[in-house]
Amino acid sequence: MATERGGGGGSGGGGARHLARIHGTEEDRVNCPFFFKIGACRHGDRCSRIHHRPAFSQTILIKHVFRHPIREAELRAAAEGKGVDTVDPRRDVDRSKAQEDFLCFYEE
């Protein structure tokens, strides 16, 4: 009788295979697929899904090491009491300095 219903393992066999198949994908509603793939999530601690942090890794994540020029302009505007929606990248970001900073950052 057990083989007629699909294996006799009850809910353990199919359920475990299904969970193993979807783990770390968009279908997984428990574990964060972004954190699973790259070790970072844009939602951070506010993410509704679980971030499994490995005990060890060969990769390190250093937050805020690259200062994005548009974000820097937004921070300057906020410090001056202006809204971040007033930032115009064409006006408030020096493109040549941003390009130079970008190249220096990625230079080996």
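Residues numbered from 1 in each chain as written. Predicted model: local features only at pLDDT ≥ 70, side-chain atom pairs only at ≥ 80, totals over all residues. Heavy atoms only, no water.

### Some words on the packing of aromatic side chains
According to the stated counting rule, one finds five aromatic pairs in the structure shown. Each ring, one from Phe66 and one from Tyr106, has its centre 6.5 Å from the other, and the planes form 40°; the classification is tilted. Of this pair, Phe66 sits in the loop between α2 (33-38) and α3 (69-79) while Tyr106 sits in helix α5 (residues 95-106), placing them 40 residues apart in sequence. Of the residues examined, Phe66 reaches a relative accessible area of 29% and is grouped as partly exposed. Cluster of aromatic residues (ring-pair linked, three or more members): Phe66, Phe102, Phe105 and Tyr106. (Phe/Tyr/Trp six-rings, centres within 6.5 Å; stacked < 30°, edge-to-face > 60°. Helix = DSSP H or I, 4+ residues; strand = E, 2+ residues; numbered from the N terminus. Buried < 20%, exposed > 50% of the residue type's maximum accessible area, 1.4 Å probe, protein only.)

### What to know about the confidence of the model for the protein chain
The predicted model of the protein chain averages 79 in pLDDT, with 86% of residues at 70 or higher. When mean pLDDT is compared element by element in the protein chain, α3 scores highest at 89, while helix α1 (residues 12-22) scores lowest at 74. Note on residues 1-12: pLDDT is under 50 here. Beyond four places in sequence and across chains, it has three contacts. (pLDDT = per-residue confidence, 0-100. Contact = heavy atoms within 4.5 Å.)

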